[in-house]
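# A closer look at the structure
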Amino acid sequence: MIGRISPQALVVPLLLLIALTVGAVVNERFLTLGNLRNFTEQLAALGFVSLGQAFVILGGGIDLSIGAIASLAAVLLAGLHGGNEALFIPSLLLVLAGGAAVGAMNGWLTVWLRVHPLIVTLGMASVLSGITLLYAPQPRGSVPFWFEGFAFDSLAGVPLSGLLLGALFLITALVLTRTPFGRRVYAVGGNAEAARLSGLSVKPTIITTYALSGFFAALAGAYYVSRTGVGDPHAGDALTLASLTPVIVGGILLGGGRGGLGGVFLGVLLISLLNNLLNYMNLSTFVQWWCKGW
Amino acid sequence: MSGLAVTGGARAALAALRLERFALIGAVIGLTIVAATLSPAFLTLGNLRDIFTQAAPLGMVVLAQALIMLVRGIDLSVASVMASAAVLATAFTSTDNADIPLIFGAVLLGGAVIGGINGWLVTRRNVSPLLATLAMMILLQGVRFAYTQGAPSGLLPSGFRWLGTGQIYGIPVNLSVLLILALGLWVMLRYTMLGRAIYIIGGNPRAAELVGLSAQRVTMLCYCLGSMLAGIAGLFLVGFVGTVDNWVGRGYELDSIVAAVIGGVSLAGGSGSIVGALLGVLILVLLSNLVVILGLPVEFQLILKGVIIILATGLYARRMRA
Amino acid sequence: MIELKAICKSFPGVKSLDQVNFSASAGEIHALLGENGAGKSTLIKVLAGAYTPESGTITLGGVPRIWAAPKQAQQAGIHVIYQELVLFPDLSVAENIFIGHAPRTRWGLIDRKAMIQKTEVALSQLGHRLDPRARVGDLSVADQQMVEIAKALSHDVKLLVLDEPTAVISGKEVVALFERLRRLRDRGVCIIYISHRLEEIFALADRITILKDGKNVRAGTVAEFDRASLVTAMVGRPLADLYPPRPAQTKTAPIVLAACNIHLPPRVRGVDVNVRAGEIVGLAGMVGSGRTELAHAIFGSMARTKGRVTLEGEEVPPGNPRLSIQRGIGFLTEDRKAEGLLAQLPVYANITAPNLTAYTRLGFLRRPQEVALAARDIERFRIAVPGPTSGVWHLSGGNQQKILLSRWMAIKPKLLVLDEPTRGVDVGAKAEIYRLIRALAAEGVAVLLISSELPEVIGLCDRVLVMKEGRLMGELQAEALSEESIMTLATADAPAQGEAA
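Predicted model only: the values in this text are computed from it and were never measured.

Turning to the overall build of chain A, a few remarks are in order. Looking only at helices and strands, chain A has 13 helices and two strands in total. Out of the 294 residues in chain A, the part that is buried amounts to 52%. Taking the contacts inside chain A whose residues are at least 6 apart along the sequence as the reference set, 79% of them involve residues at least 24 apart. About 12000 Å² of surface is accessible on chain A, with carbon and sulfur atoms providing 69% of the total.

The following block contains the structure:
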């Protein structure tokens, strides 16, 4: 929170710069507009969930149900409206609200049972995966054509998803640094008992961070649906781990209370860039398979 | 000592401990009765043997998980270790049964190295066990994919089939191995200095250092033993399944944690027992079977597991506070 | 102003507050006194809404109140400065002061400029200079305390509680703090001041309430008390009965512990300690003066960077508790629950923990021997437990401490280091523990006793070393011991000449 640049803070930007340079050198198409757009599109889902994870981790928790929420959101969004386009918008709202509600439930269970959030969200993930697979053993459903614009349209050359992600990052940064809620998140994550003794409302703060995480996970699920046009029950599987990486790379201390969103943003950029870069480089099959294993 | 006032709290705590073991055994009996009533075929020798054969590899992983949880750890890499052990088994070109000891040796060695790295990260680099083992899980996954190029192609010696599904005098081979391993661990935890050290370190690592025990070394050892056990479990599981793929043991990380938690092994470290953990496995397996007997989709097992792990930890957490 | 009536609060195994009454009015400084474990901190937490009492009423300004959370008490104008400061080290001074009630802009966002300005104003009102943007974790303890006070004043504080504020500051800082507290009192704030330093009470307080073992003992204006009556009220009996008699001095006994030029930066900077067989040597000083760290450096649980420790002439290597225990050093730590007790294990395992090899044959534990030892100690030290195999967590502090003492006695130590051995122990158990320590010394064990309770140091020790900021300030023989002589050394500017050990 206090502006001071430490040497460690420069590591990620530096890596980012190296990745960009290497990309430009290795392949002339790397820095083209086309690839840039492609890149932003891949970035969005990861960006959304990292925001949610950042809230939770700053508040002293961890959310391992992100991927399961995203998958459930994806199949419900594609399936609920049953082909009736008029029902699509309501089901979109329902899914986003549902994500937040499931997240809030995670939060409520952690504060009420006082169980480690790891267990609660892992258990929740298992429950949600079960529901998802019951509802959609195979990819199912469809989306209205216009909704695919969420993933593929652009405004003045910038993909819509990228714009949304940028806007959400700015809003989140504002919320974290300039609102009482953001301050509470830092305080609770830093020292929950001290926060309680200082008269802050600890439990609602924790629950809200999980609700936000659930919301962002559902948003990522919706984004997947708009990209693929179908509700894949495994859409979000990789997101749980993926959401942790940028947050950790970006330097938010696991344990809570420290770190800023700028780092997370750079972390998201770096991870996506690396993925993108690997696609462009003719790396040995070993590395490619290794990366796919992630 | 007689004639001294017994504080109510201490007596209540003792009672709770006994109650806990009672409740576990009660749950096993209750679930068995329910299953037997619903499906008369459940209590046949053949069916029970099948259930145990199926559950034995999980039991081995739970031993590993419980051991690591006792020293305040958690191991999310167990399933990845299992799959890696299975893939490693295919690396020996011949399918000669004579290679089996060699394969076991290689897996044990690999397990020791992997557990050693986990333990090193946790004890020396202060990485949280969750992150360290998560990273290990991903790393192994990547290595496996790279090595197999997506799909393993090697074959296993036929002897693995026997290890995974065979019987000696009507007792499943893998169950006997599980029971031997469990007995060994039980004796170690209950009757040796190392076992006592594990409980002391898990319960209060700071106090352990101050009574002259090396928390780092013992914790490291637990991670090593854990990964070795997980590797063995992987070999037995692949023997049971019959085919190797990159995802042998998928889901066992959650299942092992669930079983250990049901069995009363505390995530906070320092309390829990091998018997409890095995009872936890039994309960989990019985519940999964009930889902099948009731004709429910298998996905219900996932839902059930999730609910149970949250409830069980919640209940234990409440009891500790009371 | 504030009135608490018939407050009861229990914890597992302990009745912390039993029908306690307390009242204080606006514009007075009210001292809350009592020994450690008397229930002062619990009462404060009840007052502040951090604990919910089982029964009793709280009346503030004539209105009965029930706090569900600290937040409500704070909104009613009650602010507590705890001994362990409630600050967020990663946030700035201004952010800490305005945590939970930062000034907002028109848009509802936090107005940082206004916040920093208000912080400057608040600090200057206190007469204290600090950068509002500084990270609180980087400040000295005294500065952090000022941040806490500024934080309290940034609310509309009617009732300010300070829990042992002078435990972490000294000298000029204390004088400045008192000055500011008097100014606040004159503005009509009710101040509750907790301390067990009697001279502070007489210098500052208007009225006094004394607790003992969770019950009211006496209350009245400061004029009604003198030192002796205060002490008697706090301890509940004349001091003489509490401590075993000192044996004739044994200046000729062989030196057991010889620690030379011990360094453990930043807390210990070149300390020499000798303890003879059968001698109880006290280690006094303010909290943070490096006493505990010195103990760790001798025992090896923190590795000293310089210096030499020998035990009966035998070298004790740095940073190896296991070897230290083998050589015959026992260390009873300050924080019983975090650093001593094995909560999930039975009594016998708690006792044999440092000495497991003695109860192991061929790698297997000899449980019957362990249980027998525990049974013997339970009898010998009159530990109130059901038996050697029962749990330890729900026992009272005194019984837990006796179990830990028996743990260290079981290694047959040559040197026993005791860090605050009677913290959180009731008076009856205290007397027994003192008796045990003296009996141990009589058997020829060298004892190094760290304590913040001056009466304990004065009553028990044969010789006292006083530390300040990591250095020895001087040594006092039994005849020269008094609270004044110790405090003079503990707050002196330089080592007393000729007396330094």
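Looking now at the interface of chain B and chain C. Contacts between chain B and chain C engage 29 residues on the former and 43 residues on the latter. Where chain B meets chain C, there are two salt bridges. Taken together, chain B and chain C are joined by nine residue pairs in polar contact (both at pLDDT 80 or more). Contributions of two or more residues to the side of chain B that touches chain C are made by helix 1 (8-38), helix 7 (173-191), helix 8 (193-203) and helix 9 (205-210) of chain B. Ranked by residue count, the leading element in the side of chain B that touches chain C is helix 8 of chain B, at five residues. Looking at the side of chain B that touches chain C, its residues break down into 16 nonpolar, nine polar and four charged.

Next up on the list: the interface of chain A and chain C. Of the residues lining the interface, 22 residues belong to chain A; the matching set on chain C comes to 24 residues. Carbon and sulfur atoms make up 61% of the surface buried where chain A meets chain C, a total of about 2200 Å² over both sides. Between chain A and chain C we count one salt bridge in total. Of the charged contacts, one joins Glu95(C) and Arg183(A) as a salt bridge, the two residues approaching to 3.5 Å between their closest N and O atoms.

Per the stated rule, a full pass over the model turns up 16 aromatic pairs over all chains. A ring pair is formed by Trp186(B) and Tyr191(B), whose centres lie 5.7 Å apart and whose planes are at 80°; its orientation type is edge-to-face. Judged by relative accessible area, which is 31%, Trp186(B) ranks as partly exposed. Among the residues examined, Tyr191(B) registers a relative accessible area of 31% and is labelled partly exposed. When the ring of Phe178(C) is compared with that of Tyr193(C), the centres are 6.0 Å apart and the planes differ by 80°; the resulting orientation is edge-to-face. Of this pair, Phe178(C) sits in helix 6 (residues 172-186) while Tyr193(C) sits in strand 8 (residues 190-194), and the two are 15 residues apart along the sequence. The same class applies to Phe178(C) and to Tyr193(C), which are both buried. When the ring centre of Trp393(C) is taken as reference, the NZ or CZ atom of Lys337(C) above it lies at 4.8 Å.

The α-helix advances 3.6 residues per turn, and as a result positions three or four apart in sequence lie on the same side. Along its 27 residues, helix 10 (residues 202-228) of chain A runs 40 Å from first to last C-alpha, staying within 8% of the 39 Å computed at 1.5 Å per residue. Backbone geometry just downstream of helix 10 of chain A places Gly229(A) in the positive-phi region, at approximately 75°.

Our focus in this paragraph is the sheet that holds strand 3 (residues 29-33) of chain C. Residues and elements named next belong to chain C. Taken in spatial order, the six strands line up as 6-7-8-3-9-10 in an open sheet, and their pairing is mixed. Where the open sheet ends on each side, the last strands, each with one partner, are strand 6 (78-81) and strand 10 (215-221). Sheet twist, expressed as the mean angle between neighbouring strand axes with direction ignored, is 15°. The strands that helix 5 (residues 141-154) touches are strand 6 and strand 7 (159-163); relative to strand 6, the one it contacts most, it runs at about 175°. Along the sheet, helix 6 makes contact with strand 3, strand 7 and strand 8, crossing strand 8 at roughly 145°.

Residues and elements named next belong to chain B. Along the chain, the position of Gln65 falls in helix 2 (residues 45-70). A distance of 2.9 Å separates the side chain of Gln65 from the backbone nitrogen of Asp75, its partner in a polar contact. What Gln65 contacts, discounting residues up to four positions off in sequence, is Ile74, Asp75, Val78, Glu253, Ser256 and Ile257.

Turning our eyes to something else, we now look at the pattern of salt bridges. Evaluation of the coordinates by the stated rule reveals 27 salt bridges over all chains. A salt bridge links Arg196(A) to Glu193(A); the nearest nitrogen and oxygen atoms lie 3.4 Å apart. Of the two residues, Arg196(A) and Glu193(A) both sit in helix 9 (residues 192-197), three residues apart, roughly one turn of that helix. Of the charged contacts, one joins Arg376(C) and Asp377(C) as a salt bridge, the two residues approaching to 3.3 Å between their closest N and O atoms. Looking at Asp377(C), the relative accessible area reads 1%, which means it is buried. Sharing partners across several salt bridges, the network here consists of Asp90(C), Arg135(C) and Asp138(C).

Counting 354 residues, the largest nonpolar core has Phe160(B) and Leu160(C) as the members making the most contacts within it. When residues in this core are grouped by element, the largest group, 13 residues, is from helix 2 of chain B. Viewed by domain, this core spans two of them, domain 1 (2-240) and domain 2 (254-491) of chain C, each represented by three or more residues. Among all residues touching Phe160(B), those that are not within four sequence positions of it are Ala89(B), Ile100(B), Ile103(B), Phe104(B), Leu235(B), Val238(B) and Gly239(B).

The rules behind these values
Every chain begins its residue count from 1, and numbering advances along the sequence as written. The lettering of chains begins at A and the numbering of ligands begins at 1, in the order of writing. Selection of residues for local features in this predicted model requires a pLDDT of at least 70, selection of side-chain atom pairs for listing and counting requires 80 or more, and totals for whole chains, interfaces and linings are taken over all residues. Only hydrogens and water are set aside when side-chain values are computed; all heavy atoms of the structure are taken into account. Put simply, DSSP marks the helices as runs of H or I at least four residues long and the strands as runs of E at least two long, and each gets a number from the N terminus on. Think of it in three bands: with a 1.4 Å probe and only protein chains considered, a residue is buried below 20% of the maximum accessible area for its type, exposed above 50%, and partly exposed in between. Here, two residues are considered to be in contact whenever any of their heavy atoms come within 4.5 Å of each other. Throughout, the Shrake-Rupley method with a 1.4 Å probe supplies accessible areas, and for residues the shown protein chains are the sole cover considered. Any carboxyl oxygen of Asp or Glu that lies within 4 Å of a side-chain nitrogen of Lys or Arg is treated as forming a salt bridge with it. In protein, a polar contact requires one atom able to donate a hydrogen and another able to accept it; more generally it is a pair of N or O atoms within 3.5 Å, and residues adjacent in sequence count only if both atoms are side-chain atoms. Basically, the charged four are Asp, Glu, Lys and Arg, the nonpolar ten are Ala, Val, Leu, Ile, Met, Phe, Trp, Tyr, Cys and Pro, and anything else, Gly included, counts as polar. Put simply, buried area is how much 1.4 Å-probe accessible surface two parts lose in total, over both of them, once they are put together. Aromatic pairing here means that ring centres of Phe, Tyr or Trp (its six-membered ring) are within 6.5 Å. Orientation follows from the plane angle: under 30 degrees is stacked, over 60 is edge-to-face, and everything else is tilted. We call a charge positioned over a ring when the NZ of a Lys or the CZ of an Arg lies within 6 Å of the ring centre and within 35 degrees of the ring normal. Expected helix span is given by 1.5 Å per residue-to-residue step, counting one fewer step than there are residues. In this scheme, strands are said to pair when DSSP sees at least two bridges between them. Where helices are involved, their axes are fitted lines through C-alpha atoms of the stretch in contact, as for all axes, and angles between N-to-C directions lie from 0 to 180°. To define a nonpolar core, start from buried Ala, Val, Leu, Ile, Met, Phe, Trp, Tyr and Cys residues and group those joined through side-chain atoms within 4.5 Å. An automatic or database domain assignment supplies the start and end points of every domain.

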